[in-house]
Amino acid sequence: MFDSIKKIFSSGEEETTSLNSGAKPDISREKSAQLYEKAKTFFPGGVNSPVRAFKSVYGTPLFIEKGDGCYLWDADGNQFIDFCCSWGPLILGHNPAKVREKVVEVMANGMSFGAPTALENELAELIISNNKYIEKIRFTSSGTEAVMSAIRLARGTTKRDKIIKFEGCYHGHSDSLLVKAGSGLVTFGETSSAGIPKSFANETIVVSLNDKEALKKAFEGFKDQIAAVIIEPVPANNGLLLQDKDFLQFVRDICNENCALLIFDEVISGFRVGFEGAAGYYDIQPDIVTYGKIIGGGLPVGAYASSSAIMSNISPEGGVYQAGTLSGNPVAMAAGIAQLTELSKSGFYKELNNKTQEFTDSIQRYATAKNYKFKVFTIGSIFWFAFTDKDKIQTAEDIDPASMEKFKVMHKELLNRGVYFGPSGYEVGFISAAHSKLDLEKAKRQIFETLDIVFRSR
């Protein structure tokens with residue numbers, strides 16, 4: 001049976017076979033809707049993180065009750081093949097036995113001490129001994145906290161104040177980075193949230209991705225004032241804006257020329273495109289790297305890492321202060337140890353990345369054969385669906401906002417077919433080790449049917 005399914009959906013010629021692409025009845029959201037109404041009495045907008053509110057798609061948010069392997073179940077009993085994976089951390093899938101067992105073992109001895117544990121040493125050694133780009137690490141409780149701390153470290157190390165970031169990269173919600181581009185080629189950032197003083201935004205310069213000239217002008221205009229350039233080497237928070245290695249190397253070189261530090265924000269790409277993250281993928285040495293998501297095995301965690309010399313500036317060794325009661329929490333460390341141990345095994349990434357490539361290639365072949373204006377961009381086990389005919393999308397400006405209307409239809413139809421993606425067309429998808437070939441074949445069939453509906457309704 002599996003071979004027959006595979007034959008139908010893996011052949012570029014046979015994928016063009018007409019599918020039953022009629023719209024499916026909407027799934028029941030009655031219990032989720034009730035929970036959402038109650039949640040709105042407790043939380044702003046009924047959620048604890050904005051994208052969960054489903055404002056960019058149809059319907060009310062789904063309240064999740066259970067996850068196992070590559071599957072999710074919501075409060076109404078609907079089952080989904082999950083490509084959100086808790087926004088990336090679940091590279092082994094939901095509730096993997098080895099992570100769960102390690103967490104339960106450690107929890108039996110207590111859940112928080114606010115003091116050092118051997119588990120911190122174990123996870124740090126596992127990371128550093130398999131990553132030639134870093135020498136010392138500091139754990140935090142979130143990716144946002146890690147990036148905020150990395151910025152402070154860069155300023156404290158260089159004795160400079162200004163930061164350059166790129167439009168289309170997201171680095172968490174700390175004040176100095178929650179900014180957007182102004183109206184010129186090189187501008188001070190403009191606050192993208194209420195509550196951020198203009199003076200904070202004025203310390204951040206925003207330029208476009210993939211624009212060497214803009215970056216040159218920024219360094220010329222603020223000579224000897226730039227502490228660091230921060231970039232997602234795999235920009236995956238606003239679509240998947242894959243950069244050429246040539247551009248990333250240019251960023252590295254111009255930082256060297258101007259005695260500025262280069263920060264790679266690898267909260268998403270770290271341990272996702274490979275154990276050494278994007279630094280290893282592109283073989284580019286950043287000065288500071290930030291991590292999160294995967295290193296906690298599904299629990300809240302973040303980290304920043306660098307050379308021994310730069311990290312010596314962190315308190316209590318140096319004058320740059322950063323602290324956290326739950327930093328290095330033993331339960332999160334245990335989950336990270338269990339998960340990264342699996343990731344460090346020979347062949348893990350090759351198998352996962354090959355599986356992702358086969359999945360995304362097959363979807364692209366189907367869309368191309370149907371002449372749909374649709375592209376699948378991918379790196380490692382990350383992918384993004386874009387309603388475009390462009391071969392590359394490398395800047396935020398390259399994304400057509402009107403294309404999000406097609407994603408709204410796609411998201412609804414996929415939910416009705418038991419396939420779960422993050423509720424925004426700007427968000428990427430993830431494949432985990434728990435996605436079997438049969439799971440992916442099932443998902444592809446639903447994606448094919450959904451694409452037919454989306455483009456039939458043009």
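Residues numbered from 1 in each chain as written. Predicted model: local features only at pLDDT ≥ 70, side-chain atom pairs only at ≥ 80, totals over all residues. Heavy atoms only, no water.

(A) View of the pairing of strand 3 (residues 79-82). In this structure, strand 2 (residues 71-74) lies alongside strand 3, joined through 3 bridges in antiparallel fashion. Across the sheet, the residue bridging to Trp-73 is Gln-79, located in strand 3. Count of turn residues in the strand 2/strand 3 antiparallel hairpin: 4 residues, of which Gly-77 carries a positive phi of about 85°. As defined by bridge partners, strand 3 adjoins strand 16 (residues 419-420) across 2 bridges and the pair is classed as parallel. If you follow Ile-81 over to strand 16, its bridge partner there is Val-419. (Pairing = 2+ DSSP bridges. Helix = DSSP H or I, 4+ residues; strand = E, 2+ residues; numbered from the N terminus.)

(B) A look at the nonpolar core. Core analysis: the largest hydrophobic core is formed by 116 residues, its most contacted members being Phe-374 and Leu-451. It is helix 11 (residues 330-343) that contributes the most residues to this core, 8 residues altogether. Sequence-distant contacts of Phe-374, defined by excluding residues within four places in its chain, comprise Ile-363, Gln-364, Ala-367, Phe-385, Ala-386, Phe-387, Thr-388, Met-410, Leu-451 and Phe-455. Core analysis: the second largest hydrophobic core is formed by 19 residues, Ile-163, Ile-230, Leu-261 and Val-320 among them. (Core = buried A, V, L, I, M, F, W, Y, C linked by side-chain atoms within 4.5 Å. Buried < 20%, exposed > 50% of the residue type's maximum accessible area, 1.4 Å probe, protein only. Contact = heavy atoms within 4.5 Å.)

(C) Quick peek at the packing of aromatic side chains. Tallying each qualifying case throughout the model produces 21 aromatic pairs. Centre to centre, the rings of Phe-271 and Tyr-291 are 5.1 Å apart; their planes meet at 55°, and the pair counts as tilted. A residue pair is termed long-range when its members are at least 10 positions apart, and Phe-271 in the loop between strand 11 (261-265) and helix 9 (277-282) and Tyr-291 in strand 12 (residues 288-292) qualify at 20 residues. Neither residue differs from the other here; Phe-271 and Tyr-291 are each classed as buried. Within the aromatic cluster, the residues linked to one another by ring pairs are Phe-83, Phe-359, Tyr-372, Phe-374, Phe-383, Phe-385, Phe-387, Phe-421 and Phe-455. The ring of Trp-73 has Lys-66 lying over it, and the distance from NZ or CZ to the ring centre is 4.9 Å. Sitting over the ring of Tyr-58, Lys-412 keeps its end group 5.7 Å from the ring centre. (Phe/Tyr/Trp six-rings, centres within 6.5 Å; stacked < 30°, edge-to-face > 60°. Lys NZ or Arg CZ within 6 Å of the ring centre and 35° of its normal.)

(D) Molecular detail of the pattern of salt bridges. Following the criterion strictly, the structure yields 17 salt bridges and no others. Across the pair Glu-342 and Lys-98 runs a salt bridge whose closest N-O atoms are separated by 3.4 Å. With a gap of 244 residues between them, Glu-342 in helix 11 and Lys-98 in helix 3 (residues 97-107) connect regions that are remote in the sequence. Through salt bridges that share partners, Glu-413, Arg-417, Arg-445 and Glu-449 make up one connected network. (Salt bridge = Lys/Arg side-chain N within 4 Å of Asp/Glu carboxyl O.)

(E) The arrangement of the sheet that holds strand 15 (residues 382-386) in detail. A sheet is described by the order of its strands in space; here 3 strands give the open sequence 14-15-17, paired in antiparallel fashion. The outermost strands of the open sheet, each flanked by one partner alone, are strand 14 (375-379) and strand 17 (429-430). Bridging between strand 14 and strand 15 involves 5 bridges; their strand directions are antiparallel. Within strand 15, the residue paired with Phe-377 across the bridge is Trp-384.

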